[in-house]
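What the coordinates show
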Amino acid sequence: MTQSPKKPLPIALIKALRLKQAPKNLFVYVALVFSNNLFQPALLGMVTVAFVMFCLVAGSVYLLNDILDVEADRKHPKKCLRPIASGDLPIPVARVVSVLLMVGCTAVSFLIGWEFGVVILAYLILQIFYCFRGKHIVLVDVFALAGGFVLRTLAGAVIIHVPSSQWLLLFSLQIALFLGFGKRRQEIVLLGENADKHRAILEDYSLPFLDQILVMIAGVTIVCYSVYSVESGTAKEHIPHLWITVPMVIYGICRYLYLVYQKGWGGAPDEALREDRGLQVVILIWLVTVLFLFKFDRPLNTSKRVGKQITQTDRGQ
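Our subject in this report is the structure included herewith. (Residues numbered from 1 in each chain as written. Predicted model: local features only at pLDDT ≥ 70, side-chain atom pairs only at ≥ 80, totals over all residues. Heavy atoms only, no water.)

Things to note about a nonpolar patch on the surface
Stated formally: Think of a patch as exposed residues, more than 30% relative accessible area, with no salt bridge, where like charges cluster within 9 Å and nonpolar side chains (Val, Leu, Ile, Met, Phe, Trp, Tyr) cluster within 5 Å. With residues, only the protein chains shown are counted as cover, and all accessible areas are computed by Shrake-Rupley using a 1.4 Å probe. The working definition used for a salt bridge is a side-chain nitrogen of Lys or Arg within 4 Å of a carboxyl oxygen of Asp or Glu. The way it works is that DSSP assigns letters per residue, a run of H or I at least four long becomes a helix, a run of E at least two long becomes a strand, and they are numbered from the N terminus.
Nonpolar side chains collect at one region of the surface, where F110, W114, V118, L121 and I125 lie side by side and expose about 500 Å² of accessible area between them. For the nonpolar patch, the element with the most residues is helix α7 (residues 114-132), which contributes four residues. Relative to the helices and strands, V118 is located in helix α7.

Okay, structure coming up:
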């Protein structure tokens, strides 16, 4: 069998940073959207800086993880093509770039703001723990990854100095757990009886167990978003009709379950987002609806109060 030629070092490095998984970092925009600041150029720019920072920091963690897993990846049907496992990216180069990105991004994040720097540092510590220990502990492996999504959401809030809603943080956690356990399920389906040889932690999981978890988390996620859309301060004070977006969220979750169970997707959530038109359409409709509500929706009591004030002013005149 002819060995494929090595890729140029810069291309191999860019591939190893897994920039194609950048959609995961879109969680930093959640606070911007729900604080109704999406069209504020200065704030949008700050959150975009946070997005880029997380792309680089996450890339440094991917390099570290691939260095540690290089032998297992070489036996994996897909991961063997990763730059470090295939030999396109030498391990010493990957190690140096990983350290430089970690140190450099942390330093820059503290220059941007100490709160943002703390979040970036917390993300790095959590992910380093995952690489060395967390990924070998059942359930903790997925919760550690999900914690990274919560920190992304929190980072988006602190960099523009808006309060971080506990509802949005919980929703971010649940969505991340949903995607994480879906990925574990797909790994078992793809690798079959050899799953534990490629990732030892998969020996502690089973399809029935993961199926129960997915159904439970899907239900909790829907309930959490539903309650947020009715009872949160954002809903009560700014967009009381946010509840009309609940069916969109339910559809999106059901669509992803369909892709996992019927189409065999789920191993790479970012690929599902890039390739499935159904998910793309419902996310677009949800975003447009939320922005429309922020622009035009108003609490009924506020309208009455404003009308009453105008009437009283007219009487005074």
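Thoughts on the environment of G252
So the rule is basically this: In what follows, residue pairs with any heavy atoms lying within 4.5 Å of each other are defined as contacts.
With respect to the helices and strands, G252 occurs in helix α13 (residues 246-261). Sequence separation of G252 and V57 is 195 residues, and the distance between their C-alpha atoms is 28 Å. With residues up to four places along the chain from it excluded, the contact list for G252 reads L279 and V282.

Examining the nonpolar core
To be explicit about the condition: What is meant by a nonpolar core is a set of buried Ala, Val, Leu, Ile, Met, Phe, Trp, Tyr and Cys residues, joined one to another through side-chain atoms within 4.5 Å. Here's how the labels work: a residue is buried when its accessible area is under 20% of the maximum for its type, exposed when over 50%, partly exposed in between, all with a 1.4 Å probe on protein chains only.
Core analysis: the biggest nonpolar cluster contains 80 residues, and F34, F116, F178, F181, Y205 and L242 have the highest contact counts within it. For this core, the leading source of residues is helix α3 (residues 41-68), giving eleven residues. The next biggest cluster of nonpolar side chains, apart from the first, holds eleven residues, and it includes L17, L89, A94 and V97.

A look at the pattern of salt bridges
Side-chain pairing between opposite charges can occur once the charged atoms of the two side chains come close. Across all of its chains, the model carries ten salt bridges by this definition. Put simply, R82 and D73 hold a salt bridge, and the shortest N to O gap is 3.7 Å. Of the residues examined, D73 reaches a relative accessible area of 4% and is grouped as buried. A salt bridge links K236 to E231, with the nearest nitrogen and oxygen atoms 3.1 Å apart. On the accessibility criterion, K236 (49% relative accessible area) is partly exposed.

Some remarks on unusual backbone geometry
Note on backbone geometry: most residues besides glycine have negative phi, and most peptide bonds are trans. With a phi close to 55 degrees, R18 is a non-glycine residue in the positive phi region. By the secondary structure assignment, R18 is in the loop between α1 (9-16) and α2 (30-34). Positive phi outside glycine occurs at L139, with the angle close to 75 degrees. Mapped onto the fold, L139 is located in the loop between α7 and α8 (140-158).

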